[in-house]
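# Coordinates in review
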Amino acid sequence: VTVNLLEEISNIVEGHDISKIPKKSVEDMHLLGDCELVESDCVDMDKVFNFIDDTLAQAKSTRAILPIYHESINYRLNDLAVKGKFVEIMVSKSVFDVYGRNLKVRNLSFFNDENNFLLIVTNERMLFVLCRENGFFDQNRLMVSDSQDSLKWANNLFMYFKKRNK
């Protein structure tokens, strides 16, 4: 079982940069064992962002680490904030001004270094996207899980970055 999990995770992270993920989170990747991979394709180029949009539309609370700006993500985060839901966002300094102008979320902060992944943790689901080794955001592959283990892993990763960027 462990070998199959390592092969599965290896296939997902192959060609992607995991250098910004702390060692403890890499060691705990076994908690992501039930993750599904959502992939955009030639028929549905927006499949990943549509999945993110649908997940945020159903969320009751959200924490996110965002290395990029995307209008639909911004819209959904604003919608959650306006409805009084808990939203805590950390964005790359390179997109902080854009989010600062367009986001109505009170818990908005930035991190200085370039980040190599997108992480969204709602009350029910974890979404995780890596950047490719060439530094480009891989908008075609999204790791998804609803398990408590994955939510724990994702919340720990979020809290690590929150502490590190105080």
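Positions within a chain are numbered from 1, following the residues in the order the chain's sequence is written. Where totals are concerned, whole chains, interfaces and linings use all residues; where local detail is concerned, this predicted model gives features only for residues with pLDDT of at least 70, and gives and counts side-chain atom pairs only at 80 or more. For the side-chain quantities, the full set of heavy atoms in the structure was used; hydrogens and water were omitted.

### Re the overall build of the chain
For the record, the criterion: Helix and strand labels come from DSSP, where a helix needs a run of H or I of at least four residues and a strand needs a run of E of at least two; each type is numbered from the N terminus. Accessible area is worked out with a 1.4 Å probe on protein chains only. A residue is then buried under 20% of its type maximum, exposed over 50%, and partly exposed in between. Residue contacts follow a heavy-atom distance rule, with two residues in contact if any of their heavy atoms lie within 4.5 Å. Only the protein chains shown count as cover for residues, with accessible areas throughout obtained via the Shrake-Rupley method and a probe of 1.4 Å.
Each helix and strand counted, the chain has 6 helices and 8 strands in total. In the chain, which comprises 166 residues, the share counted as buried stands at 45%. Residue pairs in contact within the chain that sit at least 24 positions apart in sequence constitute 66% of those at least 6 positions apart. Counting only carbon and sulfur atoms, one obtains 49% of the accessible surface of the chain, whose full area is about 9,000 Å².

### Observations concerning the nonpolar core
Using the following cut-off: The set of buried Ala, Val, Leu, Ile, Met, Phe, Trp, Tyr and Cys residues whose side-chain atoms join them within 4.5 Å is what this entry labels a nonpolar core.
In this structure, Ile-52, Leu-66, Ile-73, Leu-77 and Ile-89 are the most contacted members of the largest nonpolar core, which totals 26 residues. Listed by contribution, the elements that provide at least two residues to this core are helix H3 (47–58), strand S3 (61–66), helix H4 (71–82), strand S4 (86–92), helix H5 (93–102), strand S6 (117–122), strand S7 (126–132) and strand S8 (141–145). The leading source of residues in this core is H3, at 4 residues. When near neighbours in sequence (up to four residues on either side) are disregarded, Ile-89 contacts Ala-64, Leu-66, Leu-77, Leu-103, Val-105, Asn-107, Leu-108 and Ser-109. In this structure, Leu-32, Cys-35, Phe-117 and Ala-154 belong to the second largest nonpolar core, which totals 21 residues.

### Describing the pattern of salt bridges
Quick note on the threshold: Each salt bridge in this description consists of a side-chain nitrogen of Lys or Arg and a carboxyl oxygen of Asp or Glu lying within 4 Å of one another.
Counted under the stated rule, the structure contains 7 salt bridges. As a salt-bridge pair, Asp-28 and Lys-24 come within 3.1 Å of each other at their nearest N and O atoms. Judged by relative accessible area, Asp-28 falls into the buried class, the value being 16%. The exposed category is assigned to Lys-24, whose relative accessible area is 54%. A salt bridge links Lys-83 to Asp-79; its shortest N-O distance comes to 3.2 Å.

### Things to note about the pairing of S6
Short version of the rule: Only when DSSP finds a minimum of two bridges between them are two strands counted as paired.
Most of S6 is tucked away, with 6 of its 6 residues classed as buried. Burial along S6 is two-sided: the residues Phe-117, Leu-119 and Val-121 and Leu-118, Ile-120 and Thr-122 are all buried. Bridging between S3 and S6 involves 4 bridges; their strand directions are antiparallel. Each residue of the ladder has a partner; that of Thr-62, found in S6, is Thr-122.

### A few points about helix H6 (residues 148–164)
For clarity, the threshold we go by: By this rule the span expected of a helix is its residue count minus one, scaled by 1.5 Å. Along the arc lie the directions from the helix axis toward the C-beta atoms.
Its 17 residues place the ends of H6 24 Å apart at the C-alpha level, agreeing with the 24 Å of an ideal helix rising 1.5 Å per residue. Residues Ser-150, Leu-151, Trp-153, Ala-154, Leu-157, Phe-158 and Phe-161 constitute the buried set of H6. Each buried residue of H6 sits inside an arc of 160° when the element is viewed along its axis, so together they form one side. Exposed and facing more than 90 degrees away from the buried side of H6 are Gln-148, Lys-152 and Lys-163.

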